[in-house]
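# Structural overview for review
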Amino acid sequence: MKNIKILLVDDEDDIIEFLRYNLVKEGFEVSKANNGIKALELAKKVNPDIIVLDVMMPEMDGIETCYELRKIPSLKNTIITFLTSRAEDYSQIAGFEAGADDYIKKPIRPKLFVSRIKALLRRSENSHIDNTKTITDNLSVDREKYEVLKDGKPVLLPKKEFELLSLLTSKPGKVFTREEIFECIWGDDLIIGDRTIDVHIRKLRKKIGLLNIKTYKGVGYSYNPNT
């Protein structure tokens, strides 16, 4: 994993060192911070490929930190995954609302943790969409420039929201099943909550239009430009 940079953020030094040791063994470049404020400063300097972010931290918790990270344009392609022992649905939903790409639950075995990191990278590197640009009546999605324009105005989307919109707009009118979406965006080797897609769809609707993305109950979603 040459030149892949990972930022670990946790207020427990033993956890950070445990994760850092196992990632370094795999050839990753690893930086670390013990709170959200330091994480923001370091992320701007390092520009990491992945940020592993603890939820429960003093001064600035993981959810707030994620919100702030997603405001930084240079980190728009950065994968953010939470590391948490909290398994409640509301905690995961809050994380995805903040712009997270995934959740990893504590405790986790070293080999499994490294495997999850590699799976996130593979999913990021392997594009599932052939066409590079989609233009409809009021929306432009440029996959090479990682740019979305709504009525001519730029819309900043976190990585997973952009990938989801790219997939839906790659074939306007086509109904993508939930299984297809999971496979294309997250991959079947990642463990994510059942409500992950719903959260991302809701956020996209707020940003590009409530009616453009249609729900087919029990099946999936489609993008409809003329709705």
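Residues numbered from 1 in each chain as written. Predicted model: local features only at pLDDT ≥ 70, side-chain atom pairs only at ≥ 80, totals over all residues. Heavy atoms only, no water.

### Overview of the packing of aromatic side chains
Applying the stated rule across the entire model yields 3 aromatic pairs. The interplanar angle of 40 degrees and the centroid separation of 5.3 Å between the aromatic rings of phenylalanine 82 and tyrosine 103 together place this pair among those described as tilted. With phenylalanine 82 in strand β4 (residues 79-84) and tyrosine 103 in strand β5 (residues 102-105), this pair connects stretches of sequence that are 21 residues apart. No difference in accessibility class separates phenylalanine 82 from tyrosine 103, as the two residues are buried. Ring centres of tyrosine 146 and phenylalanine 162 lie 4.0 Å apart, and the angle between their planes is 20 degrees; on these two criteria the pair is classed as stacked. Taken as a pair, tyrosine 146 in the loop between β7 (139-142) and β8 (147-150) and phenylalanine 162 in helix α6 (residues 159-170) lie far apart in primary sequence, 16 residues in all. Pair check on accessibility: tyrosine 146 and phenylalanine 162 agree, each one buried. Each member of the aromatic cluster is reached from another via a ring pair, and the members are Phe82, Phe96 and Tyr103. A cation over an aromatic ring shows up here: lysine 174 above the ring of phenylalanine 176, its NZ or CZ 4.9 Å from the ring centre. (Phe/Tyr/Trp six-rings, centres within 6.5 Å; stacked < 30°, edge-to-face > 60°. Helix = DSSP H or I, 4+ residues; strand = E, 2+ residues; numbered from the N terminus. Buried < 20%, exposed > 50% of the residue type's maximum accessible area, 1.4 Å probe, protein only. Lys NZ or Arg CZ within 6 Å of the ring centre and 35° of its normal.)

### What about the sheet that holds strand β1 (residues 5-9)?
Here we have 5 strands laid out as an open sheet, ordered β2-β1-β3-β4-β5, and parallel in their pairing. The outermost strands of the open sheet, each flanked by one partner alone, are β2 (29-33) and β5. Each adjacent strand pair in this sheet contributes to an overall mean axis angle of 20 degrees, direction not counted. Note: β1 against strand β3 (residues 50-54), 4 bridges, orientation parallel. (Pairing = 2+ DSSP bridges. Axes fitted to C-alpha atoms, helices over the stretch in contact; angles between N-to-C directions.)

### As for the sheet that holds strand β10 (residues 176-177)
An order of β10-β12-β11 is seen for the 3 strands of this open sheet, with the pairing classed as antiparallel. Each edge of the sheet is formed by a strand with only one pairing partner; in this case those strands are β10 and β11 (213-216). Judged from the 2 bridges that link them, β10 and strand β12 (residues 220-223) form a sheet pairing that is antiparallel. Bridge pairing in β12 places phenylalanine 176 opposite tyrosine 221.

### Some details on the packing of helix α2 (residues 36-46) against helix α3 (residues 62-69)
Packing of α2 against α3 brings their axes to within 9 Å, and their N-to-C directions diverge by 25 degrees. Comparing their axes, α3 and α2 come out roughly parallel. Crossing hand, α2 versus α3: right-handed. Of the residues in α3, those in contact with Gly36, Ala39, Leu40 and Ala43 of α2 are Thr65, Glu68 and Leu69. Broken down by class, the residue content of the contact of α2 with α3 amounts to 4 nonpolar, 2 polar and 1 charged. (Parallel < 35°, antiparallel > 145°, perpendicular 65-115°, else oblique. Left-handed = near helix turned anticlockwise from the far one by under 90°. Contact = heavy atoms within 4.5 Å. Nonpolar A, V, L, I, M, F, W, Y, C, P; charged D, E, K, R; others polar.)

### A word on the environment of isoleucine 93
Here isoleucine 93 is to be found in helix α4 (residues 89-97). Given the relative accessible area of 18%, isoleucine 93 is considered buried. If near-sequence neighbours (up to four positions away) are discounted, isoleucine 93 is found in contact with Arg195, Val199 and Arg202.

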